[in-house]
Amino acid sequence: MEVWKEVVKSYAKQAINLHIAGKTEEVSGGTRFGGHPDVPKDFVWPTFETATFCDDTVKERPLSFIAQFRCADLAHYDTEGLLPNTGILSFFYETLSMEWGYSPENKGCSRVYWFPAEDLQQAPFPSDLERDCCFPALAIQFSNEINVPALEDIYDKTDTKNLDWQTYTSYCEQIGNVSQTQNEVSKLLGWADVIQNNMTVECELVTQGYETGYGVQDIPKTVIEQAEQTSLAQWQLLFQLDTVEDDTFCLMFGDCGRIYYYIKTEDLKQKRFENHWLVLQCY
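Let me sum up the structure you'll find in this document. (Residues numbered from 1 in each chain as written. Predicted model: local features only at pLDDT ≥ 70, side-chain atom pairs only at ≥ 80, totals over all residues. Heavy atoms only, no water.)

This part covers the pairing of strand β11 (residues 186-189). Pairing between strand β1 (residues 13-23) and β11: four bridges, direction antiparallel. By the bridge assignment, leucine 18 is partnered in β11 with serine 186. As paired strands, β11 and strand β12 (residues 235-241) are joined by two bridges and run antiparallel to one another. Considered in β12, the bridge of leucine 188 is made with phenylalanine 239. (Pairing = 2+ DSSP bridges. Helix = DSSP H or I, 4+ residues; strand = E, 2+ residues; numbered from the N terminus.)

In structure tokens, the structure reads:
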């Protein structure tokens, strides 16, 4: 039992919890959810070709601006030094179609940008971005938390074979926080709060060009096994966003779900944020 406890402890990661609430001013270069993004002068607002739940027409649609983070604000909380310590990190997502991320065709439904802090200006919303996709500017506050993975992330690892849920949860409560599927949790880094199943294998397979929405029976077994063996170490949670509510505003993903931006650890080091992959999970 104590051996398992040390194994669980070895998986622990530092996360930056995000408390999103309260209207805020759109300070130039400041951290915030929603509002208008601060971007370079030559910035082209991202679009994604898709139909939506309410419109069967397939066409280019502007992505919603989700949030931006002033990296200097994060430096104190990013104890492992994984994020850039200067500039602005910005997130976008197409919120009318809300793609799930299980198809290679979903590439482009989300975007992540890192901008140096110099010469940024506030971008107006595109004229064809629907009003419901333009979110109010809300304040974001940070706190640190130790995360350990959901059992769904490590259930097939050799060092955790036969580790039952009750024992695992007991260890997690002693070490840190584990998948809080009943709570609203938004964060940067750490481990994902899994709703359905592990996402790192899905990220690896889809970015290799495989469709995973209808199971993995058509994917070569050797490819799946390789992804199962390596994806957990290769892919890092970058940003998890839960339901956001404030006064009369509510942004929800599916049925009380979350979106998760994942990125390979090497791409994160090199600031290659264009190589991220987004997954949506809900109940």
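If you add up the space inside the largest pocket, you get close to 430 Å³. Forming the walls of the largest pocket are 25 residues, and the residues nearest its centre are Asn197, Asn198, Val201, Glu202 and Val216. Elements represented by at least two residues in the lining of the largest pocket include exactly α3 (151-154), α5 (200-207), α6 (221-234) and β16 (277-281). A per-class count over the lining of the largest pocket returns 10 nonpolar, nine polar and six charged. (1 Å grid on protein atoms, 1.4 Å probe; cavity = no way out; pocket = protein on both sides within 12 Å on 5 of 7 lines; lining within 4 Å. Points joined across faces, edges and corners; volume = space filled by probe spheres on them. Nonpolar A, V, L, I, M, F, W, Y, C, P; charged D, E, K, R; others polar.)

Attention now moves to the environment of glutamine 196. Relative to the helices and strands, glutamine 196 is located in the loop between β11 and α5. Here glutamine 196 falls in the partly exposed class, since its relative accessible area comes to 39%. Residues glutamine 196 and glycine 257, spaced 61 residues apart in sequence, show a C-alpha to C-alpha distance of 10.0 Å. Not counting residues up to four positions away in its chain, the partners in contact with glutamine 196 are Trp100, Glu152, Gln281 and Cys282. Among the polar contacts listed, one links the side chain of glutamine 196 to the backbone oxygen of cysteine 282, at a separation of 2.7 Å. (Buried < 20%, exposed > 50% of the residue type's maximum accessible area, 1.4 Å probe, protein only. Contact = heavy atoms within 4.5 Å. Polar contact = N/O pair within 3.5 Å; in protein donor to acceptor, adjacent residues only side chain to side chain.)

The next point concerns the environment of tryptophan 277. Tracing the sequence through the fold places tryptophan 277 in strand β16. Sequence-wise, tryptophan 277 and glycine 108 are 169 residues apart; in three dimensions their C-alpha atoms are separated by 9.1 Å. Not counting the four nearest positions on each side in its chain, tryptophan 277 is found in contact with Gly101, Ser103, Pro104, Asn106, Lys107, Cys203, Val206, Thr207, Trp235, Tyr260, Tyr261 and Tyr262. Within the structure, the side chain of tryptophan 277 is placed 2.7 Å from the backbone oxygen of glycine 101, a separation counted as a polar contact.

Phe33, Ile66, Phe69, Tyr93, Leu238, Phe239 and Tyr261 are the most contacted members of the largest nonpolar core, which has 51 residues in total. Broken down by element, the residue count for this core peaks at five residues, all from strand β7 (residues 88-93). Contacts of phenylalanine 33, omitting those with residues within four sequence positions, involve Ile20, Ile66, Ala67, Phe135, Pro136, Ala137, Leu138, Ile140, Leu241, Val244, Phe249 and Leu251. Counting 13 residues, the second largest nonpolar core, distinct from the first, contains Met199, Cys203, Tyr262 and Trp277. (Core = buried A, V, L, I, M, F, W, Y, C linked by side-chain atoms within 4.5 Å.)

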